[in-house]
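Each chain, letter by letter, is given below.
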Amino acid sequence: MAPQDESVRLLDLCMIGLGCAMFAFGLVFFNIANHLADGGISGITLILRALFGIDPAYSTILINVPLILIGWRFLGRQSLIYTIYGTIMLSLFLWIWQRVPFVIQLHGDLLLSALGAGIIGGFGSGLLYRYGGTTGGTDIIARIFERFRGVPMGRTLLYLDVVVLLISLVYIDVQHMAYTLIYSYIFARIVNFTQEGAYAARGVIIISPKHQEIADDIMARLERGVSLIDGEGGYSHQARKLLYVVVAPSELHRLRQIIAHHDDKAFVSIINVNEALGEGFSFQVPKKGWLGKLKH
């Protein structure tokens, strides 16, 4: 294995461990401490804790081991290793956090509890998924149903979460369930935000007969690269050039001004880009000199 591959694997494992630590922290200090339920395997471990006093650190391992054995053939080698590692790290941090003499004083405010659980747990899980990790559980069940029944993974995960949350009513009341749903919504939003990355951008497609003037102006004033793509009108069958440029959200207004200056009838399509990597986004942005700024 090349040294670069080893460093990537090490980074993955470190970030998966951090994600597990954050998710476990939210589960212990917000969900458990304030009697909020959860979906999936975590929700089942909370049910077992409430009804039988079983430590979630142990039940997480006990539930996931047979699932991993059943679904190992659908995971692939690296995914299997990351799943086993994620399960162990989650159980370890659940065990640690439950024994740390630390209390977050929220004075019984369930809304703050739901917000804290959703933000911290969601960020931890998003970090976990972003680096290829998983804690097994319902993900494995969903993959099996997708393989043999053709049921999309998202639908299976939703159904399983609903079932677990309904069963959770045996130990929490309707009020706590309502705040659990708020937590679940925030959790899902934070997971998506974390997975999409911090370098969100906008992809813009521009169709105009003045494509070259617009492209030159974008490169000069915004210092963004522009791609020219060969296209053809579906009705007229006339050849035309399409411009494609990726900009930061804060640059959209200036980009619109540049386009309108050259062609106020240009067709513009703006697309959400979940993540943009490379110069100007994840690397250092070229700095403009003050004279260059004055020119424009």
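Model, not experiment: these values are computed from the prediction.

Caption draft 1: Geometry of the sheet that holds strand S4 (residues 267–273). The sheet built from four strands is open, its strands ordered S2-S3-S1-S4 with antiparallel pairing. A single partner strand is all that each edge strand has here, and the edge strands are strand S2 (226–232) and S4. For this sheet, the mean inter-axis angle between neighbouring strands, taken without regard to orientation, is 25 degrees. The pairing of strand S1 (residues 201–207) with strand S3 (residues 239–247) spans six bridges and is antiparallel. When the sheet's bridge partners are listed, Ile206 is paired in S3 with Leu243. Each of S1, S3 and S4 is contacted by helix H10 (residues 252–262), which is oriented at about 10 degrees to S1, the strand it contacts most.

Caption draft 2: Quick look at the side chain of Ser113. Among the structural elements, Ser113 can be located in helix H5 (residues 110–130). Only 3.1 Å separates the side chain of Ser113 from the side chain of Asn34, close enough to count as a polar contact. Dropping the residues within four chain positions of it, Ser113 is found in contact with Phe30, Asn34, Leu36 and Leu106.

Caption draft 3: Summary view of unusual backbone geometry. For His107, which is not a glycine, the phi torsion comes out positive at approximately 55 degrees. Of note, His107 is situated in the loop between helix H4 (77–97) and H5.

Caption draft 4: Seen up close, H4. Relative to the 30 Å expected for 21 residues at 1.5 Å per residue, H4 spans 30 Å between its end C-alpha atoms, a close match to the ideal helical length. Looking only at H4, the buried set comprises Ser79, Tyr82, Thr83, Gly86, Thr87, Met89, Leu90, Ser91, Phe93 and Leu94.

Caption draft 5: Seen up close, the packing of aromatic side chains. All told, the structure shown has eight aromatic pairs when counted by the stated rule. Ring centres 6.3 Å apart and planes at 40 degrees place the aromatic pair Phe25 and Phe102 in the tilted group. A residue pair is termed long-range when its members are at least 10 positions apart, and Phe25 in helix H1 (residues 3–32) and Phe102 in the loop between H4 and H5 qualify at 77 residues. Under the relative-accessibility criterion, Phe102 is labelled partly exposed at 41%. For the ring pair Phe29 and Trp97, a centre distance of 6.1 Å and an interplane angle of 65 degrees mean the geometry is edge-to-face. With Phe29 in helix H1 and Trp97 in helix H4, this residue pair connects regions lying 68 residues apart in the sequence.

Caption draft 6: Spotlight on the pairing of S3. As defined by bridge partners, S2 adjoins S3 across seven bridges and the pair is classed as antiparallel. In the strand pairing of S3, Ile229 is matched with Leu242. As consecutive antiparallel partners, S2 and S3 are separated by six residues, and within that stretch His237 has a phi angle of approximately 60 degrees, a positive value.

Caption draft 7: Molecular detail of the layout of surface pockets. Considered as a void within the structure, the largest pocket measures approximately 880 Å³ in volume. When residues of the lining of the largest pocket are traced back to their parent elements, those giving at least two are H1, helix H2 (40–52), helix H3 (56–75), H4, H5, helix H6 (138–149), helix H7 (153–167) and helix H8 (174–196). In terms of residues, the lining of the largest pocket owes the most to one element, H8, which gives eight residues. Within the lining of the largest pocket, the residues separate by chemical class into 17 nonpolar, 14 polar and four charged.

Caption draft 8: Main features of the pattern of salt bridges. Enumeration according to the criterion identifies four salt bridges in this entry. Salt-bridge contacts for Glu251 lead to Arg224; the nearest nitrogen and oxygen are separated by 3.0 Å. Linking Glu251 in the loop between S3 and H10 with Arg224 in the loop between helix H9 (211–221) and S2, this pair joins segments that are 27 residues apart in sequence. Arg224 sits in the buried class, given a relative accessible area of 10%.

Cut-offs used in this document
- Residues numbered from 1 in each chain as written.
- Predicted model: local features only at pLDDT ≥ 70, side-chain atom pairs only at ≥ 80, totals over all residues.
- Heavy atoms only, no water.
- Pairing = 2+ DSSP bridges.
- Helix = DSSP H or I, 4+ residues; strand = E, 2+ residues; numbered from the N terminus.
- Axes fitted to C-alpha atoms, helices over the stretch in contact; angles between N-to-C directions.
- Contact = heavy atoms within 4.5 Å.
- Polar contact = N/O pair within 3.5 Å; in protein donor to acceptor, adjacent residues only side chain to side chain.
- Expected span 1.5 Å × (residues − 1).
- Buried < 20%, exposed > 50% of the residue type's maximum accessible area, 1.4 Å probe, protein only.
- Phe/Tyr/Trp six-rings, centres within 6.5 Å; stacked < 30°, edge-to-face > 60°.
- 1 Å grid on protein atoms, 1.4 Å probe; cavity = no way out; pocket = protein on both sides within 12 Å on 5 of 7 lines; lining within 4 Å.
- Points joined across faces, edges and corners; volume = space filled by probe spheres on them.
- Nonpolar A, V, L, I, M, F, W, Y, C, P; charged D, E, K, R; others polar.
- Salt bridge = Lys/Arg side-chain N within 4 Å of Asp/Glu carboxyl O.

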